[in-house]
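A closer look at the structure
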Amino acid sequence: MLLILLVAIMVRVISYTPTAQATPLCRQWGVHRICIVDIQRSAKNYWEYRAVVTIDDQRQPKAVYNCRDRTRTIPQTGQTAPFEPAGVGTLICQILHR
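Just so it is clear, the structure is predicted and the values come from calculations on it, not from any experiment.

Rules used throughout
- Along each chain, the written sequence defines residue order, and numbers are assigned to residues from 1.
- Local features in this predicted model are restricted to residues of pLDDT 70 or higher, and side-chain atom pairs are both shown and tallied only at a pLDDT of 80 or more, whereas totals for entire chains, interfaces and linings draw on every residue.
- With hydrogens and water excluded, all non-hydrogen atoms of the structure serve as input to the side-chain values.
- Secondary structure elements follow DSSP: runs of H or I no shorter than four residues count as helices, runs of E no shorter than two count as strands, and numbering proceeds from the N terminus.
- In this description, contact between two residues means that some pair of their heavy atoms is separated by no more than 4.5 Å.
- To sort residues, take the accessible area from a 1.4 Å probe on protein chains only and compare it with the maximum for the residue type: under 20% means buried, over 50% means exposed, and anything in between is partly exposed.
- Each Phe, Tyr or Trp ring (for Trp, its six-membered ring) is paired with any other whose centre lies within 6.5 Å, and the angle between the two planes then decides the class: stacked below 30 degrees, edge-to-face above 60, tilted in between.
- Note on criteria: charge over ring means Lys NZ or Arg CZ within 6 Å of the ring centre, with the direction from the centre no more than 35 degrees off the ring normal.
- Pairs of cysteine sulfur atoms within 2.5 Å are what we label disulfides.

Our next topic: the environment of Arg59. Counting through the fold element by element, Arg59 comes out in strand 4 (residues 58-59). In this structure the C-alpha to C-alpha distance between Arg59 and Ile34, which are 25 residues apart in sequence, comes to 9.9 Å. Filtering out sequence-adjacent residues up to four positions away, Arg59 remains in contact with Val37, Val52, Val53 and Thr54.

Here it is as structure tokens:
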């Protein structure tokens with residue numbers, strides 16, 4: 001009975017612990033301010049990153065950045081485009097893909 005009570009208390013304490021908020025990684029990249037709001041590296045393809053970014057405080061749709069092929073794919077539309085010379089994909093690959 002005491003064990004059940006302790007487990008219940010532990011669950012309540014853990015559930016009230018605030019989670020850490022991730023601070024976006026921001027860079028001045030040319031004339032634009034680019035912030036990486038959320039990023040995940042692919043477990044299967046280590047050269048791919050799924051990221052949500054803001055460009056000059058305008059949120060962009062989640063995209064898959066392929067550092068090997070230098071392409072960006074938006075999963076919602078299936079649209080694939082090559083990286084721009086000084087764009088977000090180049091920044092992500094230079095900072096994170098080492």
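What follows picks up the thread again.
Tracing the backbone through its elements, the reader meets Thr54 in strand 3 (residues 48-55). Given a relative accessible area of 11%, Thr54 falls into the buried group. Setting aside its immediate chain neighbours within four residues, Thr54 contacts Arg33, Ile34, Cys35, Val37 and Arg59.

Attention now moves to unusual backbone geometry. Positive phi, normally seen in glycine, also occurs at Asp56, with a value near 50°. Topologically, Asp56 is positioned in the loop between strand 3 and strand 4. With a relative accessible area of 38%, Asp56 lands in the partly exposed category. Notably, Arg70 is not glycine yet its phi reads approximately 60°, a positive angle. Within the secondary structure, Arg70 is located in the loop between strand 5 (63-66) and strand 6 (71-74).

For the rest of this paragraph, the subject is the packing of aromatic side chains. Evaluated as defined, the whole model comprises two aromatic pairs. Ring geometry for Tyr46 versus Trp47: centroids 5.1 Å apart, planes at 80°, classification edge-to-face. Take Trp47: its relative accessible area is 14%, and that puts it in the buried class. Ring geometry for Tyr65 against Phe83: centres 6.3 Å apart, planes inclined by 45°, an arrangement best described as tilted. Placement of Tyr65 in strand 5 and of Phe83 in the loop between strand 7 (79-82) and helix 2 (88-96) is noted, with a sequence separation of 18 residues between them. Of the two residues, Tyr65 and Phe83, neither departs from the other in class, the shared state being buried. Directly above the aromatic system of Trp47 lies the positively charged group of Arg68, at a separation of 3.9 Å from the ring centroid.

Glancing now at the state of the cysteines. Under the defined criterion, the tally for this structure stands at two disulfides. Note on cysteine connectivity: Cys67 is disulfide-linked to Cys93, with sulfurs 1.9 Å apart. Measuring the twist about the S-S bond at about -95°, one finds the Cys67-Cys93 disulfide to be left-handed. Taken together, the residues Cys67 in the loop between strand 5 and strand 6 and Cys93 in helix 2 connect sequence positions 26 residues apart. In terms of burial, Cys67 and Cys93 fall into one category: buried. Among the cysteines of the protein that take part in disulfides, numbered as they appear in the sequence, the pairing is 1-2, 3-4.

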